[in-house]
Amino acid sequence: MNSTQKKIVGAVAAIAVILALAGGAFGIVSSMKGRSAAQAAEQRLNTLTLIRNYVDRGEYDRALNLLDELLIKNPEDPDAHKLMEAVLSAKKAQEALDSGSGEAAELRAALEAARQAVSRISAAADAAQRAASRMGESGGSQSKGTGGELDADAIQEKAAADKVAAANAAAKAAAEKAAADQAAAEKAELERQQKEQTAAEEARKKALEEEMAKKNAETQQRVKEVNDLIARGKNSASSGSLRSALTSFDEAESRLPPGEKSFAASKYLEMAQSLFDIASSATDSTVRDEALSAALEFANKSVEADPAIAATHYLKSQIYEAQKKNESAYQENLTAVKLDGGNYLYLYELGKKQYVRKQYSDAAKSFATVTKLKSDYEPAFFNLGMSYRSAGDVSSALAAFRGAIAVKSDYVKAHIEVARLLDRKGDFPGAATSYGTALKYEPGNVSALRELAALYSKQGEYQNAERYFKEALTLGADDSQTNYNMAAVQLELGKNEAALDYAKKAVDGDPKNAVYLYEYGLAGERNGMLDIALQQYARSIAADPKYVKPRVNLGVMYLDANRVDDALNQLLAAYGIEKDNFEVNNNLGKAYGLKKQFDKSVEHYARAVSKNQRDTAVRANLASSYISAGLPEKARDTYSDLLKLDPKQWDAAYELGKLHISLGDKANAKKVLQDLLSANPGYPKSAEIKSLLATL
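Residues numbered from 1 in each chain as written. Predicted model: local features only at pLDDT ≥ 70, side-chain atom pairs only at ≥ 80, totals over all residues. Heavy atoms only, no water.

## A few points about the overall build of the protein chain
Check the secondary structure of the protein chain and you find 33 helices and 0 strands. Within the protein chain, buried positions represent 43% of all 696 residues. A fraction of 54% describes how many contacts in the protein chain between residues 6 or more apart in sequence connect residues 24 or more apart. Accessible surface for the protein chain amounts to roughly 35,000 Å². Of this, 50% is attributable to carbon and sulfur atoms. (Helix = DSSP H or I, 4+ residues; strand = E, 2+ residues; numbered from the N terminus. Buried < 20%, exposed > 50% of the residue type's maximum accessible area, 1.4 Å probe, protein only. Contact = heavy atoms within 4.5 Å. Areas by Shrake-Rupley, 256 points an atom, 1.4 Å probe, with all protein chains shown as cover.)

Here is the structure:
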């Protein structure tokens, strides 16, 4: 018994136990004790994430408390100082907005800009910390030569590390600039939308009040009282007193001039909007829910007074959405669009709701109308592309995404979507170009890096694939999928040791993924670590009993170890799952041949040939099985077909000549054997052929 057989035999008992679990749950639990420095870094990353989340929810004091903790630990922490400034700016803008001081639109824009700054700083700090952590893990002590000088290897390692650090810094800077540009564009767009909405609302209110002013003195006095009470209610709300605000609004309602329904509808809308703003910024869930309920009540009164105000229905849609009453939100948004089909914002929000409802054709119509109403609004083009893509209209989706790029040339997400669609259409050069354009504007975009790498891998350009997967991993894409893809590329490049490391990382991240477990087993097999291969193949089968690849590889390993019955168990299980699988049938043909069950061997080799008719090796195996099964005519025909595919299959020609002799066809035997000697005079069995020819 050779060493390979001994390794496999020694593992069979353990593998049998693992395979017995194939119908149930199976997993791998791995744990590693990290160094204290790594734990501190991880804790800092978690703190940064919490700060960003608290700011998103408006919980500025909690964010500031966490920042104080960071600065106590390290007073020189530059990220913490930057975040402190951004959070304080956000808090100041929120307080000013709540107090009603200054222009609401400008304050909202300032608040949004501050929140965007927090998000960017946190993300950049997160990425920088992870990159530093990876550099620390991959680094080590520099070896020194005589006289305290670095030796040649150490110098090369340091140069490589410096190069990676420089690349990371450049990618980080480019990513931060792209994020800053995007934030500025979003801020400008938000300000413009708010100004448009505010201007339209103010114009409507002014026209209505001018009309009211023409009426009698009592009406004018009521109008003044109502406006004063609403202003008082807004101030109370901004100071955190929802109860006082509601009291003022209720009193304002009682002073509304009788018979003036349009004025009443406008004021009800104003009060409802104010209450909705309170709910949107509330951190207390009780206050939020009460404010939403009151906002909806006043909005309903506005609709009752005048059902034709589109803005009221749009506000009701927002209220319902905040209450997670999605159907009601959709219906009110739809009504707003019916009343004011020229308002691109109403249509845009309607399109988003239709997309969520999987009404992709309707969503596409809504977004298409938005692009006509506002041809410079790139998010509408992007969402139009997403709607067409979901509806299966690839050509229209491409046109829409390219429309977004025409408006905003550095629209990275649109470039990536174009690349994905071109990949789907089989336009690999076009897809690679689009991914490259996305990376030009945002070199650190991990999605673009991973997908470009996968594209090159699919084309068999494994060195390019390796490059981009490596960049993605360096910039933070240390997920199981990327590690798995990198392992597959390393195997294709013959870098088996590196493949084993990446495959293990993939499994560590997702220990129940059958595909990752299989790849880990394959990497183990390629490295001659048969114990790892056997174990991981078995675990892959346990994770997904219907996954055929690990069963095939186990079967082959058992055949190599002359454990034919064990091989048959795995191969027959695979055959029960995929009867037309080429590898399954080819190896079953071999296994049954070793068992001398030639009828079954012929059956499976024939199935394999039908699935891959240009494979000469399996066709030769089929012919050999026909001979063993006592079917010489079938063997003759199979060898003849094989030689038509490849006339240089010398052994096949030799066997065909002998078959013709056994079948009494001396003429064809003579022709085949003479042609073989003429084409390959140095054929190792030429002496036997000459002896055969002498008998013909």
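## Considerations on the side chain of R619
Tracing the backbone shows R619 in helix α29 (residues 616-628). Although R619 lies buried, it forms no salt bridge, and the closest oppositely charged side chain, D641, sits 4.1 Å away as judged by the N-O distance. (Lys, Arg positive; Asp, Glu negative; His and termini not counted. Salt bridge = Lys/Arg side-chain N within 4 Å of Asp/Glu carboxyl O.)

## Concerning unusual backbone geometry
At K358, a residue that is not glycine, the phi angle is positive and equals roughly 65°. As for its placement among the helices and strands, K358 is situated in the loop between α13 (344-356) and α14 (360-373).

## Some thoughts on the packing of α29 against helix α30 (residues 632-645)
Where α29 meets α30, the axes come as close as 7 Å, and the angle between the chain directions of the two elements is 165°. Relative to α30, the element α29 is oriented roughly antiparallel. At the point where α29 passes α30, the crossing takes the left-handed sense. Note on element contacts: α30 touches α29 through P632, K634, A635, T638, Y639, D641, L642 and L645, opposite T616, R619, A620, L622, A623, S624, Y626 and I627. By residue class, the composition of the contact of α29 with α30 is 10 nonpolar, 3 polar and 3 charged. (Axes fitted to C-alpha atoms, helices over the stretch in contact; angles between N-to-C directions. Parallel < 35°, antiparallel > 145°, perpendicular 65-115°, else oblique. Left-handed = near helix turned anticlockwise from the far one by under 90°. Nonpolar A, V, L, I, M, F, W, Y, C, P; charged D, E, K, R; others polar.)

## Focus: the environment of L449
Take L449: it is sitting in helix α19 (residues 446-458). A relative accessible area of 0% places L449 in the buried class. Between the C-alpha atom of L449 and that of A438, which follows or precedes it by 11 residues, the distance is 9.4 Å. Sequence-distant contacts of L449, defined by excluding residues within four places in its chain, comprise L439, P443, Y468, E471, A472 and L475.

## Overview of the environment of S236
Structurally, S236 is set in helix α7 (residues 217-238). Here the alpha-carbon distance between S236 and D98, two residues 138 residues apart in the chain, equals 9.3 Å. Not counting chain neighbours up to four residues away, the residues in contact with S236 comprise S241, S244 and A245.

## Looking at the nonpolar core
Judged by nonpolar contacts, the single largest core of 76 residues is most densely connected at F401, Y435, L452, Y468, Y537, V584 and L588. The residues touching Y537, leaving out its near neighbours within four places in the chain, are Y518, G521, L522, E525, P550, N553, L554 and M557. One finds Y268, L292, A294 and L296 within the second-largest nonpolar core, a separate group that totals 35 residues. (Core = buried A, V, L, I, M, F, W, Y, C linked by side-chain atoms within 4.5 Å.)

## Quick word on helix α18 (residues 428-441)
For α18, spanning 14 residues, the distance from its first C-alpha to its last is 20 Å, which sits close to the expected 20 Å at 1.5 Å a residue. Taken together, the buried residues of α18 touch α17 (412-424), α19 and α20 (462-474). The N-terminus of α18 is capped by D427, whose side-chain oxygen sits 2.9 Å from the backbone nitrogen of G430. (Expected span 1.5 Å × (residues − 1). Polar contact = N/O pair within 3.5 Å; in protein donor to acceptor, adjacent residues only side chain to side chain.)

## Section: the confidence of the model for the protein chain
Across the protein chain, pLDDT averages 84, with 78% of residues at or above 70. For residues 1-35, every residue scores under 50 in pLDDT, and the model assigns this stretch 52 contacts once sequence neighbours within four places are set aside. Across residues 134-161 the pLDDT falls below 50, and counting only partners more than four positions away or on other chains, this stretch makes 19 contacts in the model. (pLDDT = per-residue confidence, 0-100.)

## As for the pattern of salt bridges
If you walk through the whole model with that rule in mind, you get 29 salt bridges. For the salt bridge of E270 with K234, the shortest nitrogen-to-oxygen distance reads 3.1 Å. Linking E270 in helix α9 (residues 261-281) with K234 in helix α7, this pair joins segments that are 36 residues apart in sequence. In this structure K234 comes out as partly exposed when scored by relative accessible area, which is 32%. The residue K458 makes a salt bridge to D423 at a minimum N-O spacing of 2.8 Å.

## Observations regarding the environment of L673
For L673, the location among the structural elements is in helix α32 (residues 666-679). With sequence-adjacent residues up to four places away left out, L673 is seen in contact with A653, Y654, G657, I661, I689, L692 and L693.

## Describing the packing of aromatic side chains
Any two aromatic rings considered together are summarised by their centre-to-centre distance and by the angle between their planes. The tally for this structure, following the rule as stated, stands at 14 aromatic pairs. Ring centres of Y344 and Y377 lie 5.4 Å apart, and the angle between their planes is 70°; this geometry places the pair in the edge-to-face category. Of this pair, Y344 sits in helix α13 while Y377 sits in the loop between α14 and α15 (378-390), and the two are 33 residues apart along the sequence. Side by side, Y344 and Y377 carry an identical accessibility label, which is buried. Between Y518 and Y547, the ring centres sit 5.9 Å apart and the planes meet at 80°, which makes this aromatic pair edge-to-face. Linking Y518 in helix α23 (residues 514-526) with Y547 in the loop between α24 (530-543) and α25 (548-560), this pair joins segments that are 29 residues apart in sequence. Classification of Y547 by relative accessible area gives buried; the value is 16%. Three or more aromatic residues joined by ring pairs make a cluster, and in this case those are Y344, Y348, F367 and Y377. Between K374 and the ring centre of Y344, over which it is positioned, the NZ or CZ distance is 5.5 Å. Sitting over the ring of Y575, K579 keeps its end group 5.4 Å from the ring centre. (Phe/Tyr/Trp six-rings, centres within 6.5 Å; stacked < 30°, edge-to-face > 60°. Lys NZ or Arg CZ within 6 Å of the ring centre and 35° of its normal.)

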